[in-house]
Protein chains: 2
Amino acid sequence: MRKTLKDVAALADVSSATASLALNGHSSRVSADVIERVQRAAKSLNYQPNLLARGLRTQETKTIGFISDVVTTTPFAGQMIAGAQEHAWSKGWLLLLIDTNNNPSLEAAGIDALHQRRVDGFIYASMFHRIVKIPKGLVGRQVVLLDCTDEPKKSRVDSVIPNEYEGAMSAMRLLLSQGHRRIGHVTSREVGVATVERLRAYKNALAEAKIPFDASLVAYSASADAPDGYDGAVQIFANKKAPTAVFCYTDRMAMGVYEFAQENGLSIPRDLSVIGFDDQPFLANALRPALTTVRLPHYEMGSWASERLINLVNDEDSDSTKPMRNYLQCPLVERESVAPPGS
Amino acid sequence: MRKTLKDVAALADVSSATASLALNGHSSRVSADVIERVQRAAKSLNYQPNLLARGLRTQETKTIGFISDVVTTTPFAGQMIAGAQEHAWSKGWLLLLIDTNNNPSLEAAGIDALHQRRVDGFIYASMFHRIVKIPKGLVGRQVVLLDCTDEPKKSRVDSVIPNEYEGAMSAMRLLLSQGHRRIGHVTSREVGVATVERLRAYKNALAEAKIPFDASLVAYSASADAPDGYDGAVQIFANKKAPTAVFCYTDRMAMGVYEFAQENGLSIPRDLSVIGFDDQPFLANALRPALTTVRLPHYEMGSWASERLINLVNDEDSDSTKPMRNYLQCPLVERESVAPPGS
DNA sequence: GTGAAAGCGCTAACAT
DNA sequence: ATGTTAGCGCTTTCAC
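Residues take numbers from 1 onward in each chain, read along the sequence in its written order. Throughout, the order in which chains and ligands are written sets their labels, letters from A for the former and numbers from 1 for the latter. For a predicted model such as this one, the threshold for reporting local features is a pLDDT of at least 70, and the threshold for listing and counting side-chain atom pairs is 80 or more; totals across whole chains, interfaces and linings nevertheless cover every residue. Hydrogens and water molecules were not included; the side-chain quantities draw on all heavy atoms of the structure.

**Notes on the overall build of chain A**
Right, so step 1: A run of DSSP states H or I qualifies as a helix once it reaches four residues; a run of E qualifies as a strand once it reaches two. Both are numbered from the N-terminal end. In terms of helices and strands, chain A carries eleven helices and twelve strands.
Right, so step 2: Each principal axis of the C-alpha atoms in chain A carries an extent, and together these give about 90 × 40 × 35 Å.
Right, so step 3: Type-normalised accessible area, obtained with a 1.4 Å probe on protein chains alone, sets the label of each residue: buried when under 20%, exposed when over 50%, and partly exposed for intermediate values. Looking at the 343 residues of chain A, the share that counts as buried comes to 56%.
Right, so step 4: In what follows, a contact means two residues having at least one pair of non-hydrogen atoms within 4.5 Å. A fraction of 72% describes how many contacts in chain A between residues 6 or more apart in sequence connect residues 24 or more apart.
Right, so step 5: Here the open area of atoms and residues is found with the Shrake-Rupley method and a 1.4 Å probe, where only the protein chains shown may cover a residue. Accessible surface for chain A amounts to roughly 14900 Å². Of this, 51% is attributable to carbon and sulfur atoms.
Right, so step 6: When charges are counted, Lys and Arg are positive and Asp and Glu negative, with His and the chain ends excluded. In plain terms, the charge of a residue is placed at NZ if it is Lys, CZ if Arg, CG if Asp and CD if Glu. Looking at chain A, you have 38 positive and 38 negative side-chain charges, and the mean spots of the two groups are 4 Å apart.

**Some words on the side chain of A:Ser188**
All names here are of chain A.
Right, so step 1: Structurally, Ser-188 can be placed in strand S6 (residues 183–188).
Right, so step 2: Judged by relative accessible area, which is 3%, Ser-188 ranks as buried.
Right, so step 3: N or O atoms within 3.5 Å of each other form a polar contact, as long as, within protein, one can give a hydrogen and the other can take it, and as long as residues adjacent in sequence are counted only when both atoms are side-chain atoms. Among the polar contacts made by the side chain of Ser-188, one reaches the main-chain amide nitrogen of Glu-190 at a distance of 3.0 Å.
Right, so step 4: At a separation of 3.5 Å, a polar atom in the side chain of Ser-188 contacts the main-chain carbonyl oxygen of Ser-223.
Right, so step 5: Setting aside residues no more than four positions away along its own chain, Ser-188 makes contact with Thr-195, Tyr-220, Ser-221, Ala-222, Ser-223, Ala-224, Tyr-249 and Met-253.

**Quick word on the nonpolar core**
For soluble globular proteins, nonpolar side chains are generally found buried alongside one another.
Right, so step 1: To form a nonpolar core, buried Ala, Val, Leu, Ile, Met, Phe, Trp, Tyr and Cys residues must be joined to one another through side-chain atoms within 4.5 Å. Among the nonpolar cores identified, the biggest contains 102 residues, and A:Tyr202, A:Phe247, A:Val274, B:Tyr202, B:Phe247 and B:Val274 are the most heavily contacted of them.
Right, so step 2: The next biggest cluster of nonpolar side chains, apart from the first, holds 48 residues, and it includes A:Ala125, B:Ala82, B:Ala84 and B:Ile310.

**Topic: the protein's contact with DNA strand D**
Right, so step 1: Looking at DNA strand D, there are 24 residues lining it, with A:Leu5, A:Tyr47, A:Arg54, A:Arg57 and B:Ser31 nearest.
Right, so step 2: When atoms of DNA strand D within 4 Å of the protein are sorted by moiety, sugar and phosphate together comprise 69%.
Right, so step 3: B:Ser31 places a main-chain nitrogen or oxygen 2.6 Å from a phosphate oxygen of DNA strand D.
Right, so step 4: Taken together, the elements giving at least two residues each to the surface near DNA strand D come down to helix H2 (16–23) and helix H4 (51–58) of chain A together with helix H2 (16–23) and helix H4 (51–58) of chain B.
Right, so step 5: With four residues, H4(A) is the largest single contributor of residues to the surface near DNA strand D. Here a residue is considered near a molecule or strand provided that any single heavy atom belonging to it is located within 4 Å of it.

**A look at the sheet that holds strand S4 (residues 143–149) of chain A**
Right, so step 1: Pairing between two strands is assigned when DSSP locates at least 2 bridges connecting them. Spatially, the twelve strands line up as an open sheet ordered S11(A)-S5(A)-S4(A)-S3(A)-S1(A)-S2(A)-S2(B)-S1(B)-S3(B)-S4(B)-S5(B)-S11(B), and their pairing is mixed. Edge positions in the sheet fall to strand S11 (325–328) of chain A together with strand S11 (325–328) of chain B, since each has one partner strand and no second. Sheet twist, expressed as the mean angle between neighbouring strand axes with direction ignored, is 25°.
Right, so step 2: With five bridges joining them, strand S1 (residues 63–68) of chain A and strand S3 (residues 121–131) of chain A adopt parallel strand pairing. Paired with A:Gly65 across the bridge in S3(A) is A:Phe122.
Right, so step 3: Note on method: axes are straight lines fitted to C-alpha atoms, helices fitted across the in-contact stretch only, with angles between N-to-C directions ranging 0 to 180 degrees. Sitting on the sheet, helix H6 (residues 104–116) of chain A is in contact with S1, strand S2 (94–99) and S3 of chain A together with strand S2 (94–99) of chain B, with an inclination near 150° to S3(A).

**Points about the side chain of B:Arg182**
Right, so step 1: Assignment of secondary structure puts B:Arg182 in the loop between helix H7 (164–177) and strand S6 (183–188).
Right, so step 2: Ignoring anything within four residues of it in the chain, the contact list for B:Arg182 reads B:Asp214, B:Leu217, B:Asn239, B:Lys241, B:Ala242, B:Pro243, B:Thr244 and B:Ala245.

**What to know about the protein's contact with DNA strand C**
Right, so step 1: A:Ser31, B:Leu5, B:Tyr47, B:Arg54 and B:Arg57 are the nearest of the 25 residues found near DNA strand C.
Right, so step 2: Here, DNA strand C places atoms within 4 Å of the protein, and 70% of those atoms are sugar or phosphate.
Right, so step 3: Take A:Ser15: an N or O atom from its main chain is 2.8 Å from a phosphate oxygen of DNA strand C.
Right, so step 4: Here A:Arg29 contributes a side-chain N or O atom positioned 3.4 Å from a base oxygen of DNA strand C.
Right, so step 5: Those elements giving two or more residues to the surface near DNA strand C turn out to be H2 and H4 of chain A together with H2 and H4 of chain B.
Right, so step 6: Examining the composition of the surface near DNA strand C, we find that four residues originate from one element, H4(B), more than from any other.

**Brief notes about the relation of the copies chain B and chain A**
Right, so step 1: Taken as rigid bodies, chain B and chain A are interconverted by a rotation of 180° and an axial shift of 0.0 Å, the fit giving an RMSD of 0.1 Å. Each copy turns onto its partner about a two-fold axis.
Right, so step 2: Residue by residue, 100% of the interface of chain B is reproduced at the interface of chain A, so both copies engage with the same surface. Superposing the copies works by least squares over the C-alpha atoms of residues that have pLDDT at least 70 in both of them.

**Structural notes on the state of the cysteines**
Residues and elements named next belong to chain B.
Right, so step 1: Only a pair of cysteine sulfur atoms within 2.5 Å counts as a disulfide in this structure description. Taken as a whole and assessed by the stated rule, the structure comprises zero disulfides over all chains.
Right, so step 2: Here Cys-148 stays free of any disulfide, with the sulfur of Cys-330 as its closest cysteine sulfur at 15 Å.
Right, so step 3: The class of Cys-148 is buried, set by a relative accessible area of 0%.
Right, so step 4: With no disulfide of its own, Cys-248 lies 16 Å from the sulfur of Cys-330, the closest cysteine sulfur.
Right, so step 5: Taking the relative accessible area as the measure of exposure, Cys-248 reaches 0% and is therefore buried.

**Side note on the domain arrangement of chain A**
Right, so step 1: An automatic or database domain assignment supplies the start and end points of every domain. Here chain A is partitioned into domain 1 (5–49), domain 2 (63–161 + 299–328) and domain 3 (164–296).
Right, so step 2: Computed from C-alpha atoms alone, the centre-to-centre distance between domain 1 of chain A and domain 3 of chain A is 63 Å.

**Considerations on the interface of chain B and chain A**
A common way to report how large an interface is uses the accessible area buried once the components associate.
Right, so step 1: Contacts between the two partners involve 56 residues from chain B and, on the opposite side, 56 residues from chain A.
Right, so step 2: Sorting the residues of chain B by area buried against chain A places B:Leu52, B:Arg117 and B:Phe282 first, and these three jointly supply 15% of that buried surface.
Right, so step 3: Salt bridges are counted wherever a side-chain nitrogen of Lys or Arg sits within 4 Å of a carboxyl oxygen of Asp or Glu. At the junction of chain B with chain A, the criterion picks out zero salt bridges.
Right, so step 4: In this assembly, chain B and chain A are joined by 24 residue pairs in polar contact (both at pLDDT 80 or more).
Right, so step 5: Only H4, helix H5 (77–90), S2, helix H6 (104–116), helix H9 (226–237) and helix H10 (251–263) of chain B provide two or more residues apiece to the side of chain B that touches chain A.
Right, so step 6: With eight residues, H6(B) is the largest single contributor of residues to the side of chain B that touches chain A.
Right, so step 7: Nonpolar residues are Ala, Val, Leu, Ile, Met, Phe, Trp, Tyr, Cys and Pro. Charged residues are Asp, Glu, Lys and Arg, and all others, Gly as well, are polar. Of the residues assigned to the side of chain B that touches chain A, the class counts are 27 nonpolar, 18 polar and eleven charged. Once two parts are put together, the accessible area they lose, assessed with a 1.4 Å probe and summed over both, is termed the buried area.

In structure tokens:
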């Protein structure tokens, strides 16, 4: 049978109250001798505290509800979850997972289910960087937003997102520093934080380098996959003056640009430098030549979300009066697809 | 304040025991009128049952402990988790997640943590198909193994794994049916269920077609990534008589074979047919031409693991006397990288 | 420094 | 058909 605190107490010949004190490190309130005896008893019985009972009593579960939209279709989800889970676990917390499939009623029911299990707080994760509306079931609770933010003005909760702009800036600056002056941008027509910010950086980096913006050098494709990158390359190279480098909205699009280059006898990086964005696992590093890109810090975002949430619950960050928005750096990952023009 | 069953009972003017009965669908034991009143009261108070209290009382939590080795480094983890989570959730169950990082002491502690939260059972997941030893903390508990099995002989628990052999068979049969007679196999030196079974299928399929086995047509590389596939292709093509098709151990290796083909002016599938294994997201379908491959049914395996475990806990599969090993089919995914030789 | 007792919110036996 | 009571296993006053 399963051992309870009472069993431990009996074996150590103390009351269960004392046993509780002894096991939970309230060393000031109980004699060293008793602590010793109780711990020995607990070990010998392989005592595992019942956290349901403790949670019922203390109103804390050391459990985080992790709510995500579509886990399955993105290669980054695992990293966010891993970051969140590993930090949580390092503090003795666990993650209770729910995937809403972007279905609002599933989401509401999922939040209820989490709440009924009395999670101490919620991580609300999006699988791509965007602005979300906080679900009704989450208002008034401890929440941190992961890879998304709520409405800028009425923001009521903390969030962690990638610094798209600076990431794109560092990509552009690398190209510029290598001497490129004609740089294309292959992006998607979809409007979102990422497309907008990365394009903005593209333009500003050009301005910084005193290079006039040339609209024919940016191509907007339908989506952001390899075929879209291929299409974008086709558009850009329809110009009289071909670019010597292209900054791609995603690594997948860069993959399409690689194909275009190959078909047209362009050697990367000799004839064309290519830089991506995302550092998508098993793609960016698998391309030949390996793709220089900007890494989205999914693991770190997940980790920060956990840390922040736990601090919030423990009331340790309450000094920070207003909700914070944490922009995490997207580090440049230099590999082999960038070189000076005509090298 | 948080509403309890007592509040609901008071509002509906019944005892909390009756309210409990009414809400939990024991319609035979309580009058229709009371059910109506109680449900109305619950709704108006937005009553959320405390599952800690219920669990403490009933000794069930409708929660599964999901233990995995390295979640983060594999693109398939998300699909296994999603499969498990979505099935569980369809039954009102949730997943409590722990990632052990392949560290035995972390694993033991993680199992304890799950156990302390009184999960009803465990899914023990491996991120690649292999034979595992059941951790001590799990023996005697409800467990199903996901993408792994325990020792064949002394098997004590259920498991779900991909049918590597049949999957590889169907890949080979496709090649054969297209008329290929000289087929290479690019694989890894690493010994595991997958390498062994896929190689076995390669040999048997050849035998089935009465094609003598030619050892110079199989290349063993150090690992299973794109560069290894490239290396393998180099080895195989060092033969006097080049193969017209290559069966690759993984999609990543197939990617390396693509590079080799490209560098050597071989057009896929005209000059060389290539078939992979895994159907790795964002890779197999992104290659040009899109890679024909065999899909590892990660989502379905996860889903089955959940289903089986829940049935086990509910004692609904107890009729099946001995532990079962469920081999899931790996479907052939036909895309564009296979054609008749010399077409 | 230690024990007795109450109570977290629920369900299940047992009365009525 | 409904109410009373006990108890799941823990923590936390409050006595002593």
